[in-house]
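# Geometric and topological summary
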Amino acid sequence: MSSPFRVVVLISGTGTNLQRLIDTVHVGGEPIEIVRVVSSREDAAGLQRAEDAGIPTAVVLQSDHPDRAARDAALADMVEEERPDLVVLAGWMSILTGTFLDRFPDRVINLHPSMLPAFPGMHAIEEALAWGVRWTGVTVHFVEEQVDGGPPILQEPVEVLYGDSAESLTARIREVEHRLVPRVVRLMAEGRVQRDPVHRRRVSISEGTSQ
Ligand code: GAR
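In short, a report on the structure. (Residues numbered from 1 in each chain as written. Predicted model: local features only at pLDDT ≥ 70, side-chain atom pairs only at ≥ 80, totals over all residues. Heavy atoms only, no water.)

### Details of the packing of aromatic side chains
Within a pair of aromatic rings, the relevant descriptors are the distance that separates the centres and the angle that separates the planes. The following threshold applies: Pairing of aromatic rings covers Phe, Tyr and Trp, the last through its six-membered ring, and needs centres within 6.5 Å; plane angles under 30 degrees mean stacked, over 60 mean edge-to-face, and all others mean tilted. For a ring to carry a charge above it, either NZ of a lysine or CZ of an arginine must fall within 6 Å of the ring centroid while also lying within 35 degrees of the normal to the ring plane.
Counted according to the given criterion, the structure contains one aromatic pair. Taking the centre distance of 5.0 Å and the plane angle of 45 degrees together, the rings of Phe 100 and Phe 104 count as tilted. Looking at Arg 195, its charged tip hangs above the ring of Phe 142, at a distance of 5.2 Å from the centre.

Here it is, written out as structure tokens:
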């Protein structure tokens, strides 16, 4: 049997996307295993979801380190111990510097609740509503040092309906996220996502069965 594709998931909160990954790729009889979940907060509900699934957890607090570079070095050491093929930021609400990212080139992906480059940052859904856009969406992208600035792997639009509240729009965005994130993890596990070695913002996805 071939060895599983090893995934580390970083979270900060509720962890519904983590749950979706647990319920699909992790237990789905696929050669994909979530080998550790790391949270930036002790009270993240997602930690319990991981524990319930028997996945090892850890908490890495910024307050335990003198600065972000020191936090990122400690985080990278912990993640590297797991020999990850992929690191998924699923609601990880803390900026990662090159100290972390340079250790896992092209192996860190993030989920964001907008059609980037629109509405980067922490309040994408509220800002889309305030702006009055008719469409927003979901982006799964490679992570680079510029926040929410790495090239997209998959994007899917979500219509903003008249009268939407942050809650109603969030619910529809989550549905899309819960489909897109496992799909990207499968594509990555199958080696079907390639970044152009020269034009680094170009990402190609090769043909296969699990699109
Ligand atoms: C998701 O909606 C994700 O797109 C967002 O946090 C939420 C986490 O939900 N991430 C960002 O805004 C990153 N800038 P979850 O904890 O239930 O998976």
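### Examining the sheet that holds strand E4 (residues 86-89)
What holds strands together in a sheet is hydrogen bonding between their backbones, with the strands either parallel or antiparallel. For clarity, the cut-off: In this scheme, strands are said to pair when DSSP sees at least two bridges between them. Secondary structure elements are defined from DSSP: runs of H or I of at least 4 residues count as helices, runs of E of at least 2 residues count as strands, and each element is numbered from the N terminus. Axis lines are fitted to C-alpha atoms, over the contacting stretch for helices. Their N-to-C directions set the angle, which ranges from 0 to 180 degrees. Contacts between residues were defined by any pair of non-hydrogen atoms, one from each residue, lying within 4.5 Å.
Within the open sheet, the seven strands sit side by side as E3-E2-E1-E4-E5-E6-E7. Their pairing is mixed. Only two strands of the sheet have a single partner each, and these edge strands are strand E3 (57-59) and strand E7 (152-159). Across the sheet, the mean angle separating the axes of adjacent strands is 20 degrees when strand polarity is ignored. Taken together, the seven bridges between strand E1 (residues 5-11) and strand E2 (residues 32-39) define a ladder with parallel strand orientation. Counterpart to Phe 5 in the pairing with E2 is Ile 32. Against the sheet, helix H6 (residues 166-189) touches E1, E2, E4, strand E5 (108-112), strand E6 (135-142) and E7, its axis set at about 160 degrees to E7.

### A few points about the pairing of E5
Selection criterion: Note on exposure labels: buried denotes an accessible area under 20% of the residue type's maximum, exposed denotes more than 50%, and partly exposed covers the range between, all computed with a 1.4 Å probe on protein chains only.
With five of five residues buried, E5 lies mostly within the body of the structure. Burial of E5 is two-sided: the residues Val 108, Asn 110 and His 112 facing one way and the residues Ile 109 and Leu 111 facing the other way are all buried. Both E4 and E5 contribute to a ladder of three bridges, which runs parallel. Along E5, the bridge assignment pairs Val 88 with Ile 109.

### Considering the site of the ligand
Selection rule: Being near a molecule or strand, for a residue, means having at least one of its heavy atoms within 4 Å of it. Definition of a polar contact: a pair of N or O atoms within 3.5 Å, with one able to donate and the other able to accept a hydrogen when the atoms are protein atoms, and with sequence-neighbouring residues admitted only if both atoms are side-chain atoms. Accessible surface area values rest on a Shrake-Rupley calculation with a 1.4 Å probe, where residue burial reflects the displayed protein chains alone. When residues are sorted by character, Ala, Val, Leu, Ile, Met, Phe, Trp, Tyr, Cys and Pro go into the nonpolar class, Asp, Glu, Lys and Arg into the charged class, and all the rest, Gly among them, into the polar class.
All residues adjacent to the ligand are Thr 14, Gly 15, Thr 16, Asn 17, Gly 91, Met 93, Leu 111, His 112, Pro 113, Gly 121, Arg 174 and Glu 177. Taking Gly 15, its main chain carries an N or O atom lying 2.7 Å from an oxygen atom of the ligand. Between an oxygen atom of the ligand and a side-chain N or O atom of Arg 174, the distance comes to 3.1 Å. Burial of the ligand by the protein amounts to 94% of the accessible area it has alone, namely 450 Å². Considering only residue class, the shell around the ligand consists of three nonpolar, seven polar and two charged.

### A word on the pattern of salt bridges
The test is simple: The term salt bridge refers to a side-chain nitrogen of Lys or Arg lying within 4 Å of a carboxyl oxygen of Asp or Glu.
Enumeration over the complete set of coordinates arrives at 14 salt bridges. A salt bridge links Glu 144 to Arg 195, with the nearest nitrogen and oxygen atoms 2.6 Å apart. Separated by 51 residues along the polypeptide, Glu 144 in the loop between E6 and E7 and Arg 195 in strand E8 (residues 193-195) bring together distant segments of the chain. Each of Asp 106, Glu 144, Arg 195 and Arg 200 takes part in a single network of salt bridges with overlapping partners.

### A few points about the nonpolar core
Heads up, the condition is: The term nonpolar core refers to a set of buried residues drawn from Ala, Val, Leu, Ile, Met, Phe, Trp, Tyr and Cys, joined through side-chain atoms within 4.5 Å.
If you look at the biggest cluster of nonpolar residues, it comprises 42 residues, and the most contacted ones within it are Val 9, Val 88, Ile 109 and Met 188. No other element matches H6, which puts nine residues into this core. In this view, Val 9 contacts Leu 18, Leu 21, Ile 34, Arg 36, Val 37, Val 38, Val 88 and Ala 90; residues no more than four positions away in its chain are not counted. Counting residues in each nonpolar core, the second largest holds 18 residues, with Val 35, Leu 89, Trp 92 and Val 108 among its members.

### Section: helix H3 (residues 68-81)
Applicable threshold: Any helix carries an expected span of 1.5 Å times its number of residues minus one. Arc definition: directions from the helix axis to the C-beta atoms.
A rise of 1.5 Å per residue sets the reference length of H3, with its 14 residues, at 20 Å; its end C-alpha atoms lie 20 Å apart and thus fit the reference within 8%. All of the buried residues along H3 are Arg 71, Asp 72, Leu 75, Ala 76 and Val 79. End-on, the buried residues of H3 take up no more than an arc of 130 degrees, which puts them together on one face. Buried residues along H3 sit in contact with E1, E2, E4 and helix H4 (98-101). Directly after H3, the chain includes Arg 83, whose backbone phi takes a positive value near 45 degrees.

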